[in-house]
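Chain by chain, the residues:
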Amino acid sequence: MLLAACLRAPVTSVGPLLERVGEDTGLGATALGLLGSLPVIGFGVGSALVHRPAMRFGLERVLAFALVALAGAVVLRSVPVVGALWVGTAVIGIASAAGNVLAPAVIKRDHPGRIAFVTACFTAVMTTTAATASGLAVPVSDAWGGGWRLPLGALAVAVLPVALLWVVRAVRTPRPAQEHPPAGLPAAGPRSVTMWRSPSAWVVSAFMGLQSASFFTLSTWLPTVETSLGVDPRAAGWHLFVLQLVGMLAGLLVATLMRGRTDLRALGVVISLCIVVAMGGLLLAPQAAVAWVGLAAVGTGSSLVLALSLLGLRTAHSRHTAQLSSMAQTIGYAIAACGPLLAGWVGGTFSWSLVLVVVAGFGVAQLVVVLGAARPGLILSR
């Protein structure tokens, strides 16, 4: 849960301050879109790299190292030095990827009978801290003269103690824990599953990417889009808080609905539709923005819990979970990185309201893909 508290806040706190970053640095809409996509690109790069070190050195050691790097990157991003904003933002994405990828494996290893529930609690903490960070970003910035560096750099105060706790845990865990397979399942060998050759793994990866694309596009550009539609900028910042807080509550609810179910396709279709309908509502009736943002939150929050839960529910062993998680998040965040970048180009070139059409398109694609991702059955060797 402490790990979860560190993974999203450094990313989501940027959205409400993005215009101020642009004014201070001279970056245009496309460059700011790239800046918003950079952590997601880092997620994809880090996801591809983290699996083998975790299997060699253990989950705890890799997570501890990543959290220390995350704390340093948060500080670096706010230093007024040429290139520090870009390098710090990229490292934030790469370091956060370790938590994104390995948390499902930790949950699978330590709580195999309560995967959906523990995943929902994990995402609840992650989204609550992310929502708080985004909601406070503008007020803290205003209190310090409208600057953006202090509100973003101050997050290191929260990350560093958690990093130190994981360092202690890593020191006390000298080698990777040995896993005993569940009754009735074969022992897990290092080559027993090749996820990259599994069509089912590719579908799960696509679902991961599409739900991430919707979330990161909204978390980056929702305040800008709403402001263009006439919403007060301060209110728009708090709407981002609503997006994440309601998403957290929806994630807890969907975990309850998942309990005892093996076929999650119908549930996946409903939560995907929530995103599509919410984007249409924001476009056609922006005066009811809070309601539409709340509905979008139900879709994005539930989709995240479903995506992370599928990593454990569709694999037999925690090492398989780590393999699938690494693949799904490598591919998924490659897809997701296109979201803020595409939205920045569309909004800056045409109209910010068209960003809502882009997110609706992600929702429609997610609706189709979930029919394969959430079907019953384990992803076995090919």
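Bear in mind the structure is a predicted one, so any value in this text is a computation, not a measurement.

A.B. asks: Outline the overall build of the protein, supporting the account with residue identities and numerical values.
C.D. replies: On a plain count of helices and strands, the protein comes out with 15 helices and 0 strands. A globule of 382 residues ought to have a C-alpha radius of gyration of about 21 Å, and the protein, at 20 Å, matches this closely. Principal axes of the C-alpha set define a box for the protein whose edges measure 60 × 45 × 30 Å. With 382 residues in all, the protein has 56% of them scored as buried. Sequence separation of at least 24 residues holds for 85% of the intrachain contacts in the protein that already meet a minimum separation of 6. Within the protein, one finds 23 positive and 10 negative side-chain charges whose respective centroids are separated by 18 Å.

A.B. asks: Residues and numbers for a nonpolar patch on the surface, please.
C.D. replies: A cluster of nonpolar side chains, contributed by L283, L284, L342, W345, F350, L354 and V357, occupies part of the molecular surface with about 690 Å² of accessible area. Broken down by secondary-structure element, the contributors of at least two residues to the nonpolar patch are α12 (265-284), α14 (318-349) and α15 (354-373).

A.B. asks: I'd like a rundown of the packing of aromatic side chains, residues and numbers included.
C.D. replies: Counting across every chain of the model gives 5 aromatic pairs. Ring geometry for W345 and F350: centres 5.4 Å apart, planes at 85°, overall edge-to-face. Look at W345 and you get partly exposed, because its relative accessible area is 42%. Through a chain of ring-to-ring contacts, three or more aromatic side chains come together here, namely F43, F215 and F216.

A.B. asks: Lay out the environment of W345 with the relevant residues and their values.
C.D. replies: In this structure, W345 sits in helix α14. Note: C-alpha distance between W345 and A31 (314 residues apart in sequence) is 9.0 Å. Not counting residues up to four positions away in its chain, the partners in contact with W345 are T30 and F350.

A.B. asks: Can you lay out the packing of helix α6 (residues 84-110) against helix α7 (residues 115-143) for me, pointing to particular residues and giving the numbers?
C.D. replies: For the pair α6 and α7, the least separation of the axes is 10 Å and the interaxial angle reads 140°. Judged by the angle between their axes, α6 and α7 are oblique. For the pair α6 and α7, the crossing hand works out as right-handed. Listed contacts from α7 to A103, I107 and K108 of α6 are I115, V118, T119 and F122.

A.B. asks: Tell me about the packing of helix α10 (residues 199-228) against α14, and name the residues and values.
C.D. replies: With their axes 7 Å apart at the nearest point, α10 and α14 run at an angle of 35° to one another. With respect to the hand of their crossing, α10 and α14 are arranged in right-handed fashion. Class assignment of the residues belonging to the contact of α10 with α14 gives a composition of 17 nonpolar, 9 polar and no charged.

A.B. asks: Now, about the side chain of S302: what can you tell me, with residues and values included?
C.D. replies: Checked against the element boundaries, S302 lands in helix α13 (residues 289-313). Residue S302 is classed as buried on the basis of its relative accessible area of 3%. Excluding anything up to four places from it in sequence, S302 contacts G247, A250, G251, V254, I271 and A297.

A.B. asks: Describe the environment of L136, naming the residues involved and giving the relevant values.
C.D. replies: Following the sequence through the fold, L136 ends up in helix α7. Each C-alpha atom, one on L136 and one on P151, is 8.4 Å from the other, the two residues being 15 residues apart in sequence.

A.B. asks: Summarise helix α3 (residues 18-25); cite the residues concerned and give the values.
C.D. replies: Taken together, the buried positions of α3 are occupied by L18, V21 and G22. Taken down its axis, α3 places every buried residue within 100° of arc, on the same side. Directly beyond the C-terminal end of α3, a positive phi value near 80° is found at G26.

Parameters and conventions
- Residues numbered from 1 in each chain as written.
- Predicted model: local features only at pLDDT ≥ 70, side-chain atom pairs only at ≥ 80, totals over all residues.
- Heavy atoms only, no water.
- Helix = DSSP H or I, 4+ residues; strand = E, 2+ residues; numbered from the N terminus.
- Rg over C-alpha atoms; globule rule 2.2 N^0.38 Å.
- Buried < 20%, exposed > 50% of the residue type's maximum accessible area, 1.4 Å probe, protein only.
- Contact = heavy atoms within 4.5 Å.
- Lys, Arg positive; Asp, Glu negative; His and termini not counted.
- Charge placed at Lys NZ, Arg CZ, Asp CG, Glu CD.
- Patch = residues over 30% accessible without salt bridge, like charges linked within 9 Å, V, L, I, M, F, W, Y side chains within 5 Å.
- Areas by Shrake-Rupley, 256 points an atom, 1.4 Å probe, with all protein chains shown as cover.
- Salt bridge = Lys/Arg side-chain N within 4 Å of Asp/Glu carboxyl O.
- Phe/Tyr/Trp six-rings, centres within 6.5 Å; stacked < 30°, edge-to-face > 60°.
- Axes fitted to C-alpha atoms, helices over the stretch in contact; angles between N-to-C directions.
- Parallel < 35°, antiparallel > 145°, perpendicular 65-115°, else oblique.
- Left-handed = near helix turned anticlockwise from the far one by under 90°.
- Nonpolar A, V, L, I, M, F, W, Y, C, P; charged D, E, K, R; others polar.
- Arc of directions from axis to C-beta.

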